[in-house]
Amino acid sequence: MFTFLLKRVFQALVVMFVISLVAFSIQDNLGDPLRELVGQSVSEEVRQQMRDEMGLNDPFMVKYGRFVGNALQGDFGTSYFFKQPTIEVIFEKLPATLELVFCASILIIALSIPLGVYSAIKPRAVLSKVIMGVSIVGISVPVFLTAILLMYVFSIELGWLPAYGRGELTSPLGWESGLFNWQGFRNLILPSIALSSIMLPLFIRLVRSEMLEQLSSEYVKFAWAKGLDKYRIWFIHALKNTLLPLITVGGVQIGTMVAYTILTETVFQWPGIGLLFLEAITRVDTPLITTYVIFVGFIFVVTNTIVDLIYGLVNPTVNLAAKG
């Protein structure tokens, strides 16, 4: 386990180096940040002087080396628009995104496992065919279209749920969230459903596929021959082994959902880091853009490492050292 951890840490450092290099290299192609800072009224001489003071005219490797040195000290730069350290700006918006991802994950887990298991146990049932048909449609429909459809039906036509914003926030546990009051919870419903629609059809089909494979395995046939109760066979023997690959896929998709919140947050004007990223692109806030890309990459690296560790604990037969 210790050897595996060392290898994973080394791999994570290499990946983060590549991510930081790519993220930093694209900032020169996003336009001139001075255009948003000073407008058109400032003379070209003053612009050049400001570019020299900000280090924008330095060679790429000089700027990147300065960025890495500051990043190792926790300084990822200052946002041109917010006039604050970029990491502080992201942490201010992060709770809203994590709240959205948490609710979407709960929906995915609560629906995909029972629906996938049912479709595997009774593959010829009418409900199973309906579930599979809807999952195909769900995979094909982009998330922004799902979000717009939900908003149109439940907000505009029926008027049941709010169409935008985070709603009322309370902090009984020291964390401001809409989960602790009805008004804030109502604002969470539509964005959570829209975000979960990205992964829910995939997980339903994955659970069904893995469950079918387990039900056709030799140990399940032996359990049937021993006369074990069908529910014990389904939900203890087969389902337990079905969940193993879900741990790997699910952990990776958590990081994916953090990145996918961009479209959902844009449609519902949800004040998270996804909407912040799009606004940063519009404002050519390159320090904030670079920090966002690195931060999301860091989430992917951390979740992948944690998933590998959990998978090794759940399935002791996995050789973590060799896998690393």
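The shown structure was predicted, so the numbers you read here are calculated from the model rather than taken from an experiment.

(A) Structural context of the overall build of the chain. In terms of helices and strands, the chain carries 13 helices and zero strands. For the chain, the α and β elements follow one another from N to C terminus as α-α-α-α-α-α-α-α-α-α-α-α-α. Across the 324 residues of the chain, 42% fall into the buried class. A fraction of 70% describes how many contacts in the chain between residues 6 or more apart in sequence connect residues 24 or more apart. By element, 67% of the accessible surface of the chain is carried by carbon and sulfur atoms, the whole surface being about 17,300 Å².

(B) How the structure looks around the pattern of salt bridges. What the rule picks out here adds up to two salt bridges. Put simply, Glu 99 and Arg 166 hold a salt bridge, and the shortest N to O gap is 3.2 Å. One end of the pair, Glu 99, is in helix H5 (residues 86-121); the other, Arg 166, is in the loop between helix H7 (143-157) and helix H8 (182-215), with 67 residues separating them in the sequence. Residue Glu 99 is classed as buried on the basis of its relative accessible area, which comes to 0%.

(C) Expanded view of the packing of aromatic side chains. Applying the stated criterion across every chain, the model contains nine aromatic pairs. Grouping aromatic residues by their ring pairs yields a cluster made of Phe 17, Phe 24, Tyr 64, Phe 67 and Phe 76.

(D) Representation of the environment of Val 301 within the structure. Relative to the assigned elements, Val 301 resides in helix H12 (residues 286-314). Each C-alpha atom of the pair Val 301 and Val 252 lies 9.1 Å from the other, and the pair is 49 residues apart in sequence. In contact with Val 301, not counting residues within four places along its chain, are Arg 8, Ala 12, Val 15 and Met 16.

(E) Up close: H8. Here H8 spans only 42 Å end to end across 34 residues, well under the 50 Å set by a 1.5 Å rise per residue. A maximum bend of about 45° is found in H8 at Ser 197, where proline Pro 201 lies one to four positions downstream. At the N-terminal boundary of H8, the capping side chain belongs to Asn 181, with an oxygen 3.3 Å from the backbone nitrogen of Gln 183.

(F) Structural detail: unusual backbone geometry. Positive phi is not limited to glycine here, since Lys 83 has a value of about 60°. By secondary structure assignment, the location of Lys 83 is in the loop between helix H4 (60-71) and H5. Phi is positive for Gln 269, close to 50°, though the residue is something other than glycine. With a relative accessible area of 41%, Gln 269 lands in the partly exposed category.

(G) Structural view of a nonpolar patch on the surface. Taken together, Phe 10, Val 14, Phe 17, Val 18, Val 22 and Ile 26 make up a surface patch of nonpolar side chains, about 540 Å² in accessible area. As for its placement among the helices and strands, Val 22 is situated in helix H1 (residues 2-25). By relative accessible area, which is 47% here, Val 22 ends up partly exposed.

(H) Examining the packing of H5 against H8 more closely. Packing of H5 against H8 brings their axes to within 6 Å, and their N-to-C directions diverge by 35°. In the crossing of H5 with H8, the sense of the turn from one axis to the other is right-handed. Class assignment of the residues belonging to the contact of H5 with H8 gives a composition of 24 nonpolar, five polar and two charged.

(I) Molecular detail of the environment of Leu 276. Along the chain, Leu 276 turns up in helix H11 (residues 273-282). Judged by relative accessible area, which is 4%, Leu 276 ranks as buried. Sequence-distant contacts of Leu 276, defined by excluding residues within four places in its chain, comprise Phe 82, Val 89, Ile 90, Lys 93 and Leu 288.

(J) Fine view of the side chain of Thr 97. Summarising the element assignment, Thr 97 is placed in helix H5. In this structure, Thr 97 is in contact with Val 258, Thr 261, Glu 265, Trp 270, Gly 272, Ile 273 and Gly 274, ignoring residues within four places of it in sequence.

(K) Summary view of the nonpolar core. Core analysis: the largest hydrophobic core is formed by 43 residues, its most contacted members being Ile 90, Leu 195, Met 211, Met 257, Ile 273 and Tyr 292. Only H5, helix H6 (126-140), H8, helix H10 (230-268), H11 and H12 provide two or more residues apiece to this core. Grouped together as the second largest cluster of nonpolar side chains are nine residues, Met 16, Ile 19, Tyr 64 and Val 301 included.

(L) Highlighting the packing of H5 against H11. The contact between H5 and H11 brings their axes to 8 Å, and the two run at 135°. For the element pair H5 / H11, the angle class is oblique. Counted together, Val 89, Ile 90, Lys 93, Leu 94 and Thr 97 of H5 and Ile 273, Gly 274 and Leu 276 of H11 form the full contact between these two elements. Tallied by class, residues from the contact of H5 with H11 come to five nonpolar, two polar and one charged.

(M) Structural view of the environment of Gly 184. You can see Gly 184 is positioned in helix H8. Each C-alpha atom, one on Gly 184 and one on Arg 166, is 6.4 Å from the other, the two residues being 18 residues apart in sequence. Sequence-distant contacts of Gly 184, defined by excluding residues within four places in its chain, comprise Arg 166, Glu 168 and Gly 178.

What counts as what
Residues numbered from 1 in each chain as written. Predicted model: local features only at pLDDT ≥ 70, side-chain atom pairs only at ≥ 80, totals over all residues. Heavy atoms only, no water. Helix = DSSP H or I, 4+ residues; strand = E, 2+ residues; numbered from the N terminus. Buried < 20%, exposed > 50% of the residue type's maximum accessible area, 1.4 Å probe, protein only. Contact = heavy atoms within 4.5 Å. Areas by Shrake-Rupley, 256 points an atom, 1.4 Å probe, with all protein chains shown as cover. Salt bridge = Lys/Arg side-chain N within 4 Å of Asp/Glu carboxyl O. Phe/Tyr/Trp six-rings, centres within 6.5 Å; stacked < 30°, edge-to-face > 60°. Expected span 1.5 Å × (residues − 1). Bend = angle between axes of the 7 residues up to and from the residue. Polar contact = N/O pair within 3.5 Å; in protein donor to acceptor, adjacent residues only side chain to side chain. Patch = residues over 30% accessible without salt bridge, like charges linked within 9 Å, V, L, I, M, F, W, Y side chains within 5 Å. Axes fitted to C-alpha atoms, helices over the stretch in contact; angles between N-to-C directions. Left-handed = near helix turned anticlockwise from the far one by under 90°. Nonpolar A, V, L, I, M, F, W, Y, C, P; charged D, E, K, R; others polar. Core = buried A, V, L, I, M, F, W, Y, C linked by side-chain atoms within 4.5 Å. Parallel < 35°, antiparallel > 145°, perpendicular 65-115°, else oblique.

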